[in-house]
Amino acid sequence: MKTKLLWELSKEDRIGIQLPKRKVPECNLKENIQSSMLRDSDNELPQLSEPQVIRHFIELSTKNHHVDKGFYPLGSCTMKFNPKLNERLAGNPGFINLHPAAPDKLCQGALELMHKLGEAFCKIGGHTAITLQPAAGAQGEFAGLSMIRRYHEHMGNPRKKVVMPDSSHGTNPASIVFSGWQPVEIKSGCDGKIDLKTLEKHLDEDLAAVMITNPNTLGIFESDIKKVAEMLHSVGAQLYMDGANMNALLGIVRPGDLGIDALHFNLHKTFSTPHGGGGPGAGPVSVAEHLAQFLPQPIVSLSDSGEYKLDWDRPDSMGMLQAFWGSFGVMVKAYAYILSLGCDGLRRVSEDAVLNSNYLLSMLRDYYELPYTETPMHEFVLSGEVVKKFGVKTLDIAKRLLDYGFHAPTIYFPLIVHEALMIEPTETESKETLEEFADAMIAIKKEAETDAKLLHDAPLDTPIRRLDEVKANRNPILKWKDSLK
Ligand SMILES: *Cc1c(COP(=O)(O)O)cnc(C)c1O
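Going along each chain's sequence as written, the residues are numbered from 1 onward. Given that the model is predicted, a residue must reach a pLDDT of at least 70 before its local features are reported, and side-chain atom pairs must reach 80 or more before they are shown or counted; all residues, however, enter totals for whole chains, interfaces and linings. Side-chain figures throughout are based on the complete set of non-hydrogen atoms in the structure, without hydrogens or water.

1. Quick notes on the sheet that holds strand β10 (residues 380-383)
When DSSP locates at least two bridges between a pair of strands, those strands are taken to pair. Working definition: helices are DSSP H or I runs of at least four residues, strands are E runs of at least two. Numbering for both runs from the N terminus. Strand order across the open sheet formed by three strands is β10-β12-β11, with antiparallel pairing between neighbours. Lying at the two open borders of the sheet, with one neighbouring strand each, are β10 and β11 (410-411). Examined bridge by bridge, β10 and strand β12 (residues 420-423) share four bridges and lie antiparallel to one another. Across the sheet, F380 pairs through a bridge with I423, a residue of β12.

2. Regarding unusual backbone geometry
Note that the residue after Q297, namely P298, is joined by a cis bond; omega there is -5 degrees. Checked against the element boundaries, P298 lands in the loop between β7 (285-287) and β8 (299-302). In this structure, the amide linkage connecting F413 to the following residue, P414, adopts the cis form with an omega of -5 degrees. Its identity is not glycine, yet F324 carries a phi of approximately 55 degrees, on the positive side. Looking at where F324 falls in the secondary structure, it is placed in the loop between β9 (308-311) and α11 (328-364). For F324, a relative accessible area of 38% corresponds to the partly exposed category. Phi at T426 takes a positive value of approximately 70 degrees, unusual for a residue other than glycine. Assignment of secondary structure puts T426 in the loop between β12 and α13 (431-450). Per-residue accessibility, obtained with a 1.4 Å probe over protein chains only, is compared with the maximum for each type, and a residue is labelled buried under 20%, exposed over 50%, and partly exposed between these values.

3. Some thoughts on the domain arrangement of the protein chain
Frequently, the measure chosen for interface size is the accessible area removed from exposure when the parts meet. Segmentation into domains, and thus their bounds, comes from an automatic or database assignment. What the domain assignment reports for the protein chain is domain 1 (6-60), domain 2 (86-340) and domain 3 (350-474). Any two residues whose heavy atoms approach within 4.5 Å at even a single point are treated as in contact. Taken residue by residue, the interface counts 25 residues in domain 2 and 20 residues in domain 3. Buried area is calculated as the accessible area (1.4 Å probe) missing from two parts once they are joined, with the contributions of both summed. Roughly 1,600 Å² of surface becomes buried between domain 2 and domain 3 when both sides are summed, with 59% attributable to carbon and sulfur atoms. When the buried area of domain 2 at its contact with domain 3 is split by residue, T217, L218 and N247 rank highest and sum to 33% of it. A carboxyl oxygen of Asp or Glu within 4 Å of a side-chain nitrogen of Lys or Arg is what we treat as a salt bridge. At the junction of domain 2 with domain 3, the criterion picks out one salt bridge. Residue K193 pairs with E374 through a salt bridge whose shortest N-O separation is 3.1 Å. Residues adjacent in sequence count toward polar contacts only when both atoms are side-chain atoms; beyond that, a polar contact is any pair of N or O atoms within 3.5 Å, and within protein one must be able to donate a hydrogen and the other to accept it. The interface formed by domain 2 and domain 3 contains nine residue pairs in polar contact (both at pLDDT 80 or more).

4. Regarding a nonpolar patch on the surface
Without a salt bridge and with relative accessible area above 30%, a residue can belong to a patch; like charges are then joined within 9 Å and nonpolar side chains (Val, Leu, Ile, Met, Phe, Trp, Tyr) within 5 Å. Every accessible area reported is derived by Shrake-Rupley at a probe size of 1.4 Å, with residue values counting cover from the shown protein chains alone. Side chains of L29, I33 and M37 sit close together on the surface and give an oily, nonpolar patch of about 300 Å² of accessible area. Here L29 is to be found in helix α2 (residues 29-32). Judged by relative accessible area, L29 falls into the partly exposed class, the value being 45%.

5. A look at the packing of aromatic side chains
Stacked, tilted and edge-to-face are the three classes applied to pairs of Phe, Tyr and Trp rings, where Trp contributes its six-membered ring and a pair requires centres within 6.5 Å; stacked means planes under 30 degrees apart, edge-to-face means over 60, and tilted covers the rest. Applying the stated criterion across every chain yields a total of ten aromatic pairs. Ring centres of F71 and F406 lie 6.0 Å apart, and the angle between their planes is 90 degrees; on these two criteria the pair is classed as edge-to-face. You can see F71 sitting in the loop between α3 (50-63) and α4 (84-90) and its partner F406 sitting in the loop between α12 (394-403) and β11, a full 335 residues away along the chain. Of the two residues, F71 and F406, both sit in the buried class. Centroid distance F271 to Y337: 6.4 Å. Interplanar angle 90 degrees. Geometry classified as edge-to-face. Linking F271 in the loop between β6 (262-265) and β7 with Y337 in helix α11, this pair joins segments that are 66 residues apart in sequence. Comparing F271 with Y337 shows no difference in burial state: the two are buried.

6. Looking at the site of the ligand
Here a residue is considered near a molecule or strand provided that any single heavy atom belonging to it is located within 4 Å of it. Around the ligand, the structure places S76, A136, G137, A138, E141, H169, T171, D242, A244, N266, H268 and K269. Between the ligand and A138 there is a distance of 2.8 Å, counted from an oxygen atom to a backbone nitrogen or oxygen. Against a free-state accessible area of 380 Å², the protein chains account for coverage of 86% of the ligand. Looking at which element gives the most residues to the shell around the ligand, the answer is helix α7 (residues 137-154), with three residues. Residues are grouped as follows: nonpolar covers Ala, Val, Leu, Ile, Met, Phe, Trp, Tyr, Cys and Pro; charged covers Asp, Glu, Lys and Arg; every other residue, Gly included, is treated as polar. Split into classes, the residues belonging to the shell around the ligand amount to three nonpolar, six polar and three charged.

What follows is the structure in structure tokens.
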């Protein structure tokens, strides 16, 4: 059935909500509002009843694939279940009605939550200071690198370049450039890990930092990380860790103990807050002691008398990053997640994430190629090269998965794997779901061998078939138009 647009459902004078009778006299708009700000015709909103609106949006939501509807193994992006308890707590009227400019005295509860959340992240990260301001992982990277830049300036030489492995996330080089440095990409070793010999060539007074993801985007733990930290620190350079995805490390390894100087967390990945269309994100950055003075301002501090406050008295701060104090609702959800799991629960998250990933891999590795064979952590990267000889690409596998009711994994990333399929099941999936997904991947492999055309035509069962992705990117239609009818 074709979904009707709200405009098509509209009927004159149908209303969704009945407001109570006004108890104050009607205000004369013309007298009180500048004429240039008044509309001169009706707003033409569709006129609908509440059930119509609810059905419309619920129907739309079922046409899309989302984590509340099905498995979503998007590697690196950690599409884990978003506990509904978190949403309920974030909806607390005391939080949602709080004005961001309220004086500190009147928002002690909110400030306490931010302070305690910051302490929790410091414990997880093995650091002593934190900013909660960044609204995304990418902004966290920018914040962390900017602090490192201030640090080098403070030491008298801002330096010139930042090194990153060729498996790094696309936001890394962008953040390096935005922070005023030249990104230098180095080739990973044949085991998929950072190659110390190659790194060694870049160790000099021009090197500001190395950005590293650990486990890296192949899902492999960088076991030489302490050595990397030592090498960098010996020439005064810093080690930044992209901790967007901490799903393998919680309660097991503290990056600070490995010599990481700055680290960002993605609350909308590891800490279960909704991701993508579901809401804003947050990318707090924890840092080692020597970077603390450069944190964005304000930070939340606790006075000796037990009062929380936004501390602006930070002369070396890199400045403000965000309007107001960051994505507060996201912080409430992440704090709820941390408290509801506790220390043991958080560790269990990582243990189960790694277990799920390895169980899934064990079912798939006979059917798809695993180019880097080191035991992976919370995610692994397969290659679709094996079906190329049948004229089938990774993109076709991804599209066909939709017909089986699964979202595709991340594809064509990391760039160092041909026809990459980057799979992250997360800890919130059951054994049965993992087995069903493996069955689908194996069935698709067989389809590729016998019926390549089917895969080229996929998806067959979705409300919208295969999109022209280039056109959708270049000429997006973001507004309803009569001509689309
Ligand atoms: C998601 C991700 C980022 C960027 O985070 P955003 O919140 O999307 O800006 C950076 N690095 C890695 C490894 C990621 O997975």
